[in-house]
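# Working through the structure, step by step
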Amino acid sequence: MLQRAIDAGIPFAWVTVDKAYGKVKHTRFWLEERGVAYVLATKVNDTVIPAQGGESRVDALVAVQPHQRWKRLSGGAGAHGERMRTYVMSATHR
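### Regarding the environment of Trp14
Along the chain, Trp14 turns up in strand β1 (residues 14-17). Distance in space between the C-alpha atoms of Trp14 and Leu31 is 9.7 Å, their sequence separation being 17 residues. When near neighbours in sequence (up to four residues on either side) are disregarded, Trp14 contacts Ala37, Tyr38 and Val39.

### Some details on the confidence of the model for the chain
In this model, the chain carries a mean pLDDT of 85, and residues with pLDDT of at least 70 account for 98%. Looking at the elements of the chain, mean pLDDT is at its lowest for helix α2 (residues 19-22), recorded as 75, and at its highest for helix α1 (residues 2-7), recorded as 92.

### Concerning the pairing of β1
Alternating positions in β1 separate cleanly, Val15 and Val17 being buried on one face and Trp14 and Thr16 remaining unburied on the opposite face. In this structure, β1 lies alongside strand β2 (residues 37-40), joined through four bridges in parallel fashion. Following the sheet pairing, Val17 is matched in β2 by Leu40.

### Focus: the layout of surface pockets
Estimates place the volume of the largest pocket at around 1000 Å³. What lines the largest pocket is a set of 25 residues, among which Val39, Leu40, Ala41, Thr42 and Val88 lie closest to the centre. Elements with a minimum of two residues in the lining of the largest pocket: α3 (25-33), β2, α4 (58-63) and β6 (81-87). The element that contributes the greatest number of residues to the lining of the largest pocket is β2, accounting for four residues. Broken down by class, the residue content of the lining of the largest pocket amounts to 16 nonpolar, four polar and five charged. Of the volumes computed, that of the second largest pocket is approximately 200 Å³. Lining the second largest pocket, in full, are Met1, Leu2, Gln3, Val15, Thr16, Val17, Tyr21, Thr27, Trp30 and Leu31. Of all the secondary-structure elements, those providing two or more residues to the lining of the second largest pocket are α1, β1 and α3. A per-class count over the lining of the second largest pocket returns seven nonpolar, three polar and no charged.

Cut-offs applied
Residues numbered from 1 in each chain as written. Predicted model: local features only at pLDDT ≥ 70, side-chain atom pairs only at ≥ 80, totals over all residues. Heavy atoms only, no water. Helix = DSSP H or I, 4+ residues; strand = E, 2+ residues; numbered from the N terminus. Contact = heavy atoms within 4.5 Å. pLDDT = per-residue confidence, 0-100. Buried < 20%, exposed > 50% of the residue type's maximum accessible area, 1.4 Å probe, protein only. Pairing = 2+ DSSP bridges. 1 Å grid on protein atoms, 1.4 Å probe; cavity = no way out; pocket = protein on both sides within 12 Å on 5 of 7 lines; lining within 4 Å. Points joined across faces, edges and corners; volume = space filled by probe spheres on them. Nonpolar A, V, L, I, M, F, W, Y, C, P; charged D, E, K, R; others polar.

Spelled out as structure tokens, the structure:
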């Protein structure tokens, strides 16, 4: 679907990816190869390439983020009440 949008010249600034696809490394690589900005959910034990290079586990990257960078937001109402999520942004290699 994304490739068809790119081929058709449909303008978009970025893509969001849920955990089901975010944990699939080739999805990230595919987006990066095409210069597509993205925000994705992934597992804490997944590995990424941070902006400074190398390879790091996600839990190690987020563990060093200052408290002020974390955001707690609602994911909306769910079957068991409001779905609260905690987020932090970390740049990865492009």
